[in-house]
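# Examining the three-dimensional arrangement
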Amino acid sequence: MNIRTFLWRRVTAAVSTIILLLLVLALVGAWRVLNAGQTDDELHLQAKRDYLQDIAGANLDLSGAPNLVFFLYDDLGYGDLGVGAADDTLIATPNIEILAANGVMLSDFHSPAPVCTPARAGYLTGRLAPRAGLPNVVFPTGSTEALFANTLLAPGSNVRLPAEEITLADLLGAAGYATGMVGKWHLGDRSPSLPNDMGFDSYYGALYSNDMEPFALYRNREIAIPAPVDQRYLTEHYTQAATAFIEDNAGAPFFLYFAHNFPHDPLHVRQERLGKSGAGLFGDVIEEIDDSVGAVVAALRQAGVLDNTLIIITSDNGPWYLGDAGNQRGRKGNTFEGGMRVPFIAHWPAQIPGGRVERAMAMGIDLFPTMLDLLDLPPPQDRIIDGRSILGVLEHGGQTPHDFLYYYDGETLFATREQRFKYRGPAGVFYSTDQMPMGAAVPQKEWLFDLAGDPRESYDTSARHPQALSRLRAAFEAKQAEMAANLRGWR
């Protein structure tokens with residue numbers, strides 16, 4: 001046998017093995033997609049039921065409790081609003097600016113993840129996305145993207161938020177709040193993980209990102225506007241649903257989760273909005289979003305509940321193709337600051353002194369424990385809550401409640417952060433050029449950034465600050481070990 005024949009047979013055998021492996025993965029992935037991809041944990045489902053029943057049975061006095069309106073935007077960058085780092089000559093956001101001027105801004109606030117699905121899981125559960133069982137982006141059931149994601153990108157991964165997770169809506173609903181959601185869910189498209197299954201009394205919105213098909217709008221479990229939705233009127237539809245919820249529920253405490261699909265690509269506005277901003281279509285979309293915020297605030301004022309409503313405005317990650325990351329390194333999809341540090345505004349006239357900017361670092365996982373603190377409720381005892389209450393920071397300022405923040409993409413820990421220093425473990429850093437159809441992660445050694453003097457994460461200062469390097473590396477490795485031993489954080 002000559003060398004050419006030998007090599008040909010080896011190559012043929014290798015190719016055949018790869019094809020067989022891909023076929024097996026495809027069949028497994030197809031089965032998972034068709035069967036919702038997972039089973040729920042009955043032990044912790046029961047613990048969830050018991051916990052919520054105990055909360056409901058406490059018969060809390062909610063006479064002075066605030067309403068909560070939580071605006072979560074999709075791909076809104078740190079510098080995209082007319083406050084803080086933004087150039088407000090390009091994009092006018094007067095309604096949001098008023099809330100910022102009369103509330104508090106956190107200048108060092110981070111999303112739980114650099115992409116949408118895990119970020120939303122973190123915001124709603126108070127747990128890092130790997131804890132919450134949904135560390136990766138999910139796609140419409142039966143779609144080519146779902147099959148690809150569940151066979152090649154993350155074989156065997158969950159395709160919906162596990163039913164045993166306790167959401168902010170579960171918590172507040174059990175406490176006696178009316179709970180409503182408007183907008184993008186993106187935590188799975190079938191029971192038992194739909195909005196109405198996970199604590200929301202009412203739902204109006206889209207189950208996925210606005211670039212996924214079929215893009216329909218649902219009212220609770222039924223299609224309200226069939227696909228394809230004319231997205232020029234998406235903000236209008238959402239605003240009407242949000243203000244109607246406020247009007248219907250203003251007589252008692254309520255929680256409104258308004259999770260907009262914009263400014264995620266593709267961008268759309270009504271015809272009369274086109275060309276109004278100085279930042280093109282992207283700016284037009286932001287300005288229409290600002291109009292929507294103004295309408296919601298007007299509805300709160302009209303109902304007489306604005307002063308005792310905690311309004312929070314933030315984003316699920318940094319900007320994608322367009323948008324302003326606020327002079328930070330990175331964008332959506334990576335764990336540099338530009339991918340995860342996002343705008344944060346809190347407005348609550350009855351309790352939060354206005355006109356402040358606080359520098360304490362915080363993360364979206366803090367919303368759940370903050371509401372526990374505000375209502376003086378105990379946390380669930382069967383699971384780790386990764387967030388910390390930032391109620392004190394919002395009310396009177398002060399230091400961060402965190403020793404460290406942890407930056408995850410998928411189930412991989414990429415960075416650990418304290419107030420001044422940020423450690424990035426040995427990992428690939430994405431590289432490509434404009435003419436390359438695809439890029440790749442280029443391996444790098446560990447880095448230490450001194451954010452006090454280098455907020456753009458441009459220079460590795462590990463040699464200059466060996467103690468900080470050692471401290472943050474130890475925290476990084478300890479978190480890796482902790483998650484490896486108990487990924488879901490059960491107790």
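This text gives an overview of the structure that appears in the document. (Residues numbered from 1 in each chain as written. Predicted model: local features only at pLDDT ≥ 70, side-chain atom pairs only at ≥ 80, totals over all residues. Heavy atoms only, no water.)

## Considering the overall build of the chain
Put simply, the rule is: Labels follow the DSSP assignment, with helices taken as runs of H or I lasting at least four residues and strands as runs of E lasting at least two, numbered in each case from the N terminus. Burial classes follow relative accessibility: with a 1.4 Å probe on protein chains only, a residue under 20% of its type's maximum area counts as buried, one over 50% as exposed, and anything between as partly exposed. Contacts are residue-level and defined by heavy atoms, with any inter-residue pair within 4.5 Å sufficient. For every accessible area listed, the method is Shrake-Rupley and the probe measures 1.4 Å; residues are considered covered only by the protein chains on display. Working convention for charge: Lys and Arg count positive, Asp and Glu count negative, and His plus the chain ends are omitted. To locate a charge, take NZ of a lysine, CZ of an arginine, CG of an aspartate or CD of a glutamate.
Within the chain, the secondary structure is distributed over 13 helices and 18 strands. Each principal axis of the C-alpha atoms in the chain carries an extent, and together these give about 90 × 55 × 55 Å. Residues classed as buried in the chain amount to 56% of the 491 residues present. Intrachain contacts of the chain at a sequence separation of at least 6 include 69% that bridge at least 24 residues. Accessible surface, the chain: about 20800 Å² in total, of which carbon and sulfur atoms supply 55%. Computed over 39 positive and 57 negative side-chain charges, the inter-centroid distance for the chain is 8 Å.

## So, the pattern of salt bridges
What counts here: Only one rule defines a salt bridge in this text: a Lys or Arg side-chain nitrogen within 4 Å of an Asp or Glu carboxyl oxygen.
Per the stated rule, a full pass over the model turns up 30 salt bridges. E358 is paired through a salt bridge with R356; the nearest N and O atoms lie 3.1 Å apart. Exposure remark for E358: the relative accessible area of 14% places this residue in the buried category. We classify R356 as buried; its relative accessible area is 15%. Residues joined in a network through salt bridges with shared partners are D108, E337, R341, R417, K422 and E457.

## Here we look at the sheet that holds strand 11 (residues 356-358)
Note the threshold: Paired strands, as defined in this entry, are two strands with at least two bridges between them according to DSSP. Note on definitions: angles span 0 to 180 degrees between N-to-C directions of axes, and those axes are lines fitted to C-alpha atoms, for helices only across the stretch in contact.
The mixed open sheet is built from ten strands, whose spatial order is 7-6-5-4-8-1-9-10-2-11. Of all strands in the sheet, those with a lone pairing partner are strand 7 (222-225) and strand 11, marking the two edges. For this sheet the average axis-to-axis angle between neighbouring strands, irrespective of direction, equals 20 degrees. Sheet analysis places strand 4 (residues 178-183) next to strand 8 (residues 254-259), joined by six bridges and oriented parallel. From the neighbouring strand, A178 faces strand 8, where its bridge partner is F254. The strands touched by helix 9 (residues 280-302) are strand 1 (67-73), strand 8 and strand 9 (309-315); relative to strand 1, the strand with the most contacts, the crossing angle is about 175 degrees.

## A few points about the sheet that holds strand 13 (residues 405-409)
Spatially, four strands are ordered 13-14-15-18 in an open sheet, and the strand pairing comes out antiparallel. Unpaired on one side and paired on the other, strand 13 and strand 18 (447-450) mark the two borders of the sheet. Neighbour-to-neighbour, the strand axes of the sheet open up by a mean angle of 20 degrees, direction not taken into account. Bridge analysis of strand 15 (residues 421-424) against strand 18 gives four bridges, and the strand direction is antiparallel. For R424, the partnering residue across the bridge sits in strand 18 and is W447. Strands in contact with helix 13 (residues 466-485) are strand 13, strand 14 (412-417), strand 15 and strand 18; relative to strand 14, the strand with the most contacts, it is inclined by about 145 degrees.

## Notes on helix 2 (residues 42-57)
Our working rule: Each residue after the first adds 1.5 Å to the expected span of a helix. The directions considered for the arc are those from the helix axis to the C-beta atoms.
The end-to-end C-alpha distance of helix 2, which contains 16 residues, comes to 22 Å, matching closely the 22 Å that a straight helix rising 1.5 Å per residue would cover. Inspection of helix 2 places H44, L45, K48, Y51, L52 and I55 among the buried residues, and these make up the whole buried set. Along the axis of helix 2, the buried residues cluster in a sector spanning 125 degrees; they form a single face. Residues of helix 2 that are exposed and angled more than 90 degrees away from the buried face: E42, L43, Q53, D54 and G57.

## Section: a nonpolar patch on the surface
Note the cut-off: Patch definition: residues with relative accessible area over 30% and no salt bridge; like charges joined within 9 Å; nonpolar side chains (Val, Leu, Ile, Met, Phe, Trp, Tyr) joined within 5 Å.
There is a patch of nonpolar side chains on the surface, built from F148, L152 and L153 and spanning about 310 Å² of accessible area. Its place among the elements puts L152 in helix 6 (residues 144-153).

## Considerations on the packing of helix 3 (residues 94-101) against helix 9
Threshold: Every angle not falling under 35 degrees, over 145, or within 65 to 115 is termed oblique; those three ranges are roughly parallel, roughly antiparallel and roughly perpendicular. Think of it as three bins: nonpolar holds Ala, Val, Leu, Ile, Met, Phe, Trp, Tyr, Cys and Pro, charged holds Asp, Glu, Lys and Arg, and polar takes everything else, Gly as well.
Axis separation between helix 3 and helix 9 bottoms out at 7 Å; the angle between their running directions is 55 degrees. Between helix 3 and helix 9, the interaxial angle falls into the category oblique. Across the interface between the two elements, P94, N95, I96 and L99 from helix 3 touch D290, D291, V293, G294 and V297 from helix 9. Among the residues making up the contact of helix 3 with helix 9, the classes are represented as five nonpolar, two polar and two charged.

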